[in-house]
Amino acid sequence: MRKSVTIEEARRLLLARSDVLARGVSERELRAMVDNGSIVRVRRGWYVDSAEWEQLWAEGRHLMKVLAVHRESAGGGAAFCFASAAVIHGLPLYRTSTTYVHAVLGPTSRSRVKWGVARHDLTLRESDLVEVEGIRCTSLERTVLDLASRLTPEAAIAVADAALRRIAVRRHEQDHIAAAEWRDELGRRAQALSNRGIRQAREVIAFSDGRAQLPGESVSRLHLHRLGFTEVDLQSRVTGPHGEDYRLDFAFRGAQTFGEFDGRGKYLDPTLRTGMSAEAVVLAEKHREDAIRGVTGWRIVRWGSEHLVTSDALGARLGAFGLRP
């Protein structure tokens, strides 16, 4: 099962050539390890054990590349942007291909794309650059603005929702004043920009909602909006028969139906199972559903990633249960 990785964890996994050779491996053996797949070359001179690499989501793999570029840059002076800044901030990259590491074009840089690094000439304010665990990158807000205008709408809303969740959500509850202020501030900054995709960025920022807890929930929300579902509650709260506090991803109140995005991670990812076996998680989920249905009398409709490929695919899934706008 794939897993997320923090900057600290990624640093421990990243091996310089000297680290590998210090294990008693010769240059010839190192080349053979790369060829047979027992070790992965992240970029020239930087490696990670293949077993660790295989467990990482795409965001973690890209973070490894970013850290390699950071460690080899003079004085660690590279400043990262776009998708590379996103993984530093821990933002998701929903179905986004990351061919290059993205950095800000420095005053002494001469090449835009070289050795797997794409450098971009950006007009930045002083507050647009921050340092995260010793790594310089565009700020959370600037990163959202950049990606909201460049990614697909689905990936863009996943980024914006995740950023807003960090700003305004505590224990499932969104501070609506803080959320509105954040949207207003980014909206004002977007109004001052005229680059390609800025119209999409404005729409994404206005539509963002930090209560969506996973990229799949963010994309579900976008598809529901496209399908014409205008009155859908997020993170709807239900009190169980013994005082349990349950949260449902979506509530279609007119149809007395709860909707749940059923990501596989909660069953398979050990970090999300909190020590429980996959079987125990499935059983606990069944008890949870029984309790919710018993208290509310509402039904629960589930969908997975395969239903998020298009809005029509999700619409067909909901329509099979008679759920329509």
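The paragraphs below set out a description of the structure included in this document. From a predicted model like this one, the values you see are computed outputs, not experimental measurements. (Residues numbered from 1 in each chain as written. Predicted model: local features only at pLDDT ≥ 70, side-chain atom pairs only at ≥ 80, totals over all residues. Heavy atoms only, no water.)

1. Structural notes on the overall build of the protein chain
Regarding its fold elements, the protein chain presents 15 helices and 15 strands. Its C-alpha radius of gyration of 22 Å places the protein chain within 12% of the 20 Å reference for a compact globule of 325 residues. Over its C-alpha atoms, taken along the principal directions, the protein chain stretches across nearly 65 × 50 × 35 Å. Out of the 325 residues in the protein chain, the part that is buried amounts to 48%. (Helix = DSSP H or I, 4+ residues; strand = E, 2+ residues; numbered from the N terminus. Rg over C-alpha atoms; globule rule 2.2 N^0.38 Å. Buried < 20%, exposed > 50% of the residue type's maximum accessible area, 1.4 Å probe, protein only.)

2. Concerning the environment of Val40
As for its position among the elements, Val40 is in strand E2 (residues 39-43). A relative accessible area of 18% places Val40 in the buried class. Each C-alpha atom of the pair Val40 and Leu15 lies 10.0 Å from the other, and the pair is 25 residues apart in sequence.

3. A closer look at the sheet that holds strand E14 (residues 257-261)
Paired through their backbone hydrogen bonds, the strands of a sheet run either parallel or antiparallel. Strand order in the open sheet formed by four strands is E12-E13-E14-E15, and the pairing between neighbours is mixed. The open sheet has two edge strands, strand E12 (233-239) and strand E15 (299-303), and neither has a second partner. The sheet shows a mean angle of 50 degrees between the axes of neighbouring strands, direction not considered. Judged from the six bridges that link them, E12 and strand E13 (residues 245-252) form a sheet pairing that is antiparallel. From the neighbouring strand, Val238 faces E13, where its bridge partner is Tyr246. In the packing of helix H11 (residues 215-227) onto the sheet, the strands contacted are E12, E13, E14 and E15, and the crossing angle to E13 comes to about 30 degrees. (Pairing = 2+ DSSP bridges. Axes fitted to C-alpha atoms, helices over the stretch in contact; angles between N-to-C directions. Contact = heavy atoms within 4.5 Å.)

4. Section: the sheet that holds E2
Strands sit in the order E1-E3-E2 across an open sheet of three strands; the sheet is antiparallel. Bordering the open sheet on either side are strand E1 (15-16) and E2, each of which pairs with just one other strand. Where E2 lies against strand E3 (residues 46-49), four bridges are found, and the strand directions are antiparallel. Along E3, the bridge assignment pairs Arg43 with Trp46. Set on the sheet, helix H3 (residues 27-36) makes contact with E2 and E3; between it and E2 the angle comes to about 95 degrees. Strand contacts of helix H5 (residues 58-72): E2 and E3, with the helix running at about 60 degrees to E2, the strand carrying the most contacts.

5. Some remarks on the side chain of Arg183
For Arg183, the position within the fold is in helix H9 (residues 176-191). No salt bridge forms around the buried Arg183; measuring N to O, its nearest opposite-charge neighbour Asp209 is 4.6 Å away. Setting aside residues no more than four positions away along its own chain, Arg183 makes contact with Leu164, Gln174, Ile205, Ala206, Ser208 and Asp209. (Lys, Arg positive; Asp, Glu negative; His and termini not counted. Salt bridge = Lys/Arg side-chain N within 4 Å of Asp/Glu carboxyl O.)

6. Quick look at the packing of helix H7 (residues 140-148) against helix H8 (residues 153-168)
At a closest axis distance of 9 Å, the pairing of H7 and H8 adopts a crossing angle of 165 degrees. Judged by the angle between their axes, H7 and H8 are roughly antiparallel. In the crossing of H7 with H8, the sense of the turn from one axis to the other is left-handed. Across the interface between the two elements, Leu140, Glu141, Val144, Leu147 and Ala148 of H7 pack against Ala156, Val159, Ala160, Ala163, Arg166 and Ile167 of H8. (Parallel < 35°, antiparallel > 145°, perpendicular 65-115°, else oblique. Left-handed = near helix turned anticlockwise from the far one by under 90°.)

7. Here's the deal with the packing of aromatic side chains
All told, the structure shown has three aromatic pairs when counted by the stated rule. Its end group placed over the ring of Phe207, Arg221 keeps NZ or CZ at 4.2 Å from the ring centre. (Phe/Tyr/Trp six-rings, centres within 6.5 Å; stacked < 30°, edge-to-face > 60°. Lys NZ or Arg CZ within 6 Å of the ring centre and 35° of its normal.)

These values are about where atoms sit, not about what they do.
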